[in-house]
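This is what each chain is made of:
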Amino acid sequence: MKRMRYILGLTAILFIASAILFLPVPSALKWQSEFLGRALLWLLFAAFLCLYRVLRGPTAPDRAVAIDMLGILIVGFCAILSIATGRDWYIDIGIAWALQSFIGIMALSKYLEGKDFDE
Amino acid sequence: MNETLGYILIVIGLVFNFFGCIGLIRFPDIYSRLQASAKCVTLGTCGILFGLFIFKGFTAVGVKALLCMLFIILTAPVSAHALARGAYRSGVKPWEGTIIDEYSEDIKK
């Protein structure tokens, strides 16, 4: 049963990854080159893998780890979006997102620890 | 030349991001998940931001990307360590195949 689930997940991941790599890019994502559209789809796929851990984490800290990783992934997403569209303010969104995610995760870990915030 | 180097750095970053997320799904408990995913995703996003810096050079966007990279390098290990400590103090047990656990002896003192 465990081996069955392993093979199923492996085939699903390989299928979606090869679809992103080899299928033609949708026309809404062709800004400058096809490569950047494929990179955006690839990062979205990685973010969905993180969301799987958010949905099915057995404990609360697992979900917190997945949310932290998701925040750092979104910063890279904003950077690629800023290259692809040529608009500079996307990187500002990335900086703000990194700061916000760090503060949120520190507060969340203090809450998990079960102490007061001013310690 | 600059564009090629930037594309190479972005590809390295994307691959590391993907492997980090695979580790986040695949590993058995929270500590090994942190071990895999925090380092991989930090390095991957720093690669993407450094690729953006190589693309743009010393313009406003490039310097902002460099600053964002520095900020992520500084803060990601801090948040990962805080999460591991919070998880241990809140009572999440390590995986049963764990060989050594020195932090529990440290807490008992």
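Going by the structure above, here's the rest.
Below: a short report on this structure. Everything numeric here is computed off the predicted structure, so don't read it as measured data.

What follows covers the overall build of chain B. Helices and strands together make up the secondary structure of chain B, namely 4 helices and 0 strands. Reading the helices (α) and strands (β) of chain B from amino to carboxyl end gives α-α-α-α. The C-alpha radius of gyration computed for chain B amounts to 18 Å, which surpasses the reference 13 Å derived for 109 residues by more than 25%, pointing to a less compact arrangement than a globule. The principal-axis extents of the C-alpha atoms in chain B amount to approximately 55 × 25 × 15 Å. Sequence separation of 24 or more characterises 63% of the internal contacts of chain B that already satisfy a separation of 6 or more.

Broken down by element type, chain A carries 4 helices and 0 strands. Counting from the amino terminus, helix and strand elements in chain A follow one another as α-α-α-α. For a compact globule of 119 residues, the expected C-alpha radius of gyration is about 14 Å, and chain A comes in at 18 Å, more than 25% above that figure. The proportion of buried residues among the 119 residues of chain A is 31%. Put simply, of all contacts in chain A between residues at least 6 apart along the chain, 42% involve residues at least 24 apart.

Most often, soluble globular proteins have nonpolar side chains that are buried together. Counting 59 residues, the largest nonpolar core has A:Cys50, A:Met69, A:Leu73, A:Ala79, B:Leu49, B:Ala65 and B:Leu83 as its most contacted members. Element by element, the count of residues in this core is highest for helix α2 (residues 30-56) of chain B, at 14 residues. With residues near it in sequence (within four places) discarded, B:Leu49 still touches A:Ala79, B:Ala65, B:Cys68 and B:Met69.

The next subject is the interface of chain A and chain B. The partner chain B presents 40 residues to the 39 residues of chain A that form the contact. For the side of chain A that touches chain B, the secondary-structure elements that each account for two or more residues are α2 (34-56), α3 (60-85) and α4 (90-113) of chain A. For the side of chain A that touches chain B, the residue count by class is 26 nonpolar, 6 polar and 7 charged.

Once that is clear, we can look at the packing of α3(A) against α2(B). Contact geometry of α3(A) with α2(B) gives a least axis separation of 9 Å together with a crossing angle of 10°. One way to sum up the angle between α3(A) and α2(B) is to call them roughly parallel. Between α3(A) and α2(B), the contacting residues are A:Pro61, A:Asp62, A:Val65, A:Met69, A:Ile72, A:Leu73, A:Val75, A:Gly76, A:Ala79, A:Ile80, A:Ser82 and A:Ile83 on the first element and B:Ile30, B:Arg33, B:Leu34, B:Ser37, B:Val41, B:Thr42, B:Gly44, B:Thr45, B:Ile48, B:Leu49, B:Leu52 and B:Phe55 on the second. Considered class by class, the residues forming the contact of α3(A) with α2(B) number 16 nonpolar, 6 polar and 2 charged.

Further remarks concern the environment of A:Ala96. Residues and elements named next belong to chain A. Along the polypeptide, Ala96 turns up in helix α4. Residue classification places Ala96 among the partly exposed positions, given that 13 C-beta atoms sit within 10 Å. Considering only alpha carbons, one finds Ala96 and Val75, 21 residues apart in sequence, at a separation of 9.0 Å.

About the thresholds
Residues numbered from 1 in each chain as written. Chains lettered and ligands numbered in written order. Predicted model: local features only at pLDDT ≥ 70, side-chain atom pairs only at ≥ 80, totals over all residues. Helix = DSSP H or I, 4+ residues; strand = E, 2+ residues; numbered from the N terminus. Rg over C-alpha atoms; globule rule 2.2 N^0.38 Å. Contact = placed C-beta atoms within 7 Å. Buried ≥ 20, exposed ≤ 12 C-beta atoms within 10 Å, placed from the backbone. Core = buried A, V, L, I, M, F, W, Y, C linked by C-beta atoms within 7 Å. Nonpolar A, V, L, I, M, F, W, Y, C, P; charged D, E, K, R; others polar. Axes fitted to C-alpha atoms, helices over the stretch in contact; angles between N-to-C directions. Parallel < 35°, antiparallel > 145°, perpendicular 65-115°, else oblique.

None of this, on its own, says anything about what the molecule does.
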